[in-house]
Structure formats: structure tokens, C-alpha cells
Amino acid sequence: MRTAIDEILNPSCATCKELNKLFCGLSISDRDIFSQNKRKNIYKKGQVIYYEGNYPQGLFCIYSGKIKISTIGRKGKEQIVKFKGRGEVLGYRALLNDEPYNATATAISDCEVCHISKNTFLETLEKSKNLSLNTIRLLSNDLKESEQKLINLSQKPVKERVAEALLLLKKHFGLEKDGKTIEVNLTRREIGEIAGITTETTIRILSELSKEKILRLTDKKISIMNLQQLVKIGNNNSNI
């Protein structure tokens, strides 16, 4: 029997309000199995959830907080691959392929992350049609995003790429209570890594967008003052 303390330390997957695309449609009994074979870990900002090169021992699911996925390039420079937020899962590709992580996951805010054991996830995957279909959809979406990123890097001007990066952050992390400020603090270098451009170019483009009254820059905070114009620059037709 689960106690009140257990529920705080290890929240139930069956009643989780942050149900992700991977677990959507799973039976209550399957989610209960996950609940019984997981632990919730707390990470402070800057702490590493897993390292590139290590082998996965399970699946991570973000209960709260923000995480960056990054890898180290040939010159030893960090390259941000993507961001993950509340309700999203981490490490599933390495887990499914039984291979080391190809990137490092680091908390960029204080986080609570649930960890489901490798055996539990794989055993459930074998017997659950819904989990299998959801996994295929998730992997397919990853491939689509990777293909789109390659197209953007090869074809889009830098200003479009910065605008698109900011729209991605808005969609992924949402806005603060003012309805304008993106709810994540990133350095100019990190924003440039998302757009695939240098820090110097990122600073220049952000300054241009600020002078055009499209953005307001306050330290690491970025507020979108003219969303319609930012979408137009980013040539972004997706749901904003």
C-alpha cells in the first residue's frame, strides 16, 4: 500500500497531470507498474542527469523543471541539441538501442525527474500495443525534427534561424505571467547553439530585433513584444 510520503517522493503515474505522449493511452494497470518500479530524483540547476557515453539504466520522465540535451563537438565546444520540459521523456533512444547516450542531459533549472527501470519499461513495451505505437510516433517525430533542423541550417538566413529558435523556446517552455517573457533563462551562446550560429552573430541579431521593437532584452530574459512580426521573420507556420 502506498503511503502519503511515498506519494510525495514517488508520485503515481496513474494520476500524473503531466502525462506525456509516450504514456498517453496506457492502461491504469500499466501505469501502476511504472509507479511501483520508479523513483523521483531531485536535481539542482547545473546538475547532470546523465552523461554522454554512459549506458542507460532506465527511462527518465520530467515531473517539473527544464533540461538541456547537449554534446561536445570536435573542438571541445558544447553544442545544445534540444531542450526538454515538464512531461517529456529522456534517454529512450539509447535505451531502445542498448547503446551509450550520445549526449549529456543537464538541468537548467531545479528539476524533479522520475526514473523508470530499464527492465520495467522494456517488459511493458513488449506487451503494450499502445506503448509500442507511441514509441514509434515519438521516434518518427524526432527524425522529422532532425531533418527540419538540417534544412534550416543549410537554407535559412541567420535572422530567420534566431527568430525560429525563439519561437521554439516559447512553444516549448511557455511564457511568464506577463504573457510576453519566455519562461527560460539562456545565455546568448546557448541561443546561438540552438540556431546553429556564433555567439557574436546571435548578439547582433538579438540587438537588431530589439531595435525593431520585436523583442525586449533584460539580462537573460527575452520578451516577445511583437509576436506576429517574429513569426513572419521566422517563416514559421506552425502553432505558436
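Residues numbered from 1 in each chain as written. Predicted model: local features only at pLDDT ≥ 70, side-chain atom pairs only at ≥ 80, totals over all residues. Heavy atoms only, no water.

*Asks:* Account for the packing of aromatic side chains, with residues named and values stated.
*Replies:* Here the structure, examined in full by the defined rule, presents four aromatic pairs. Relative to Phe34, the ring of Phe23 has its centre 5.0 Å away and its plane inclined at 35°; by these criteria the two rings are tilted. One end of the pair, Phe23, is in the loop between helix H1 (4-9) and helix H2 (28-36); the other, Phe34, is in helix H2, and eleven residues separate them in sequence. Looking at Phe23, the relative accessible area reads 3%, which means it is buried. For the ring pair Tyr50 and Tyr101, a centre distance of 3.8 Å and an interplane angle of 15° mean the geometry is stacked. Taken as a pair, Tyr50 in strand E2 (residues 48-50) and Tyr101 in the loop between helix H3 (92-97) and strand E7 (104-107) lie far apart in primary sequence, 51 residues in all. (Phe/Tyr/Trp six-rings, centres within 6.5 Å; stacked < 30°, edge-to-face > 60°. Helix = DSSP H or I, 4+ residues; strand = E, 2+ residues; numbered from the N terminus. Buried < 20%, exposed > 50% of the residue type's maximum accessible area, 1.4 Å probe, protein only.)

*Asks:* How would you summarise unusual backbone geometry if you had to cite specific residues and measurements?
*Replies:* At Asp98, a position not held by glycine, the phi torsion is positive, near 55°. You can see Asp98 is positioned in the loop between H3 and E7. Residue Asp98 is classed as partly exposed on the basis of its relative accessible area of 48%. Even without being a glycine, Lys213 presents a positive backbone phi close to 65°.

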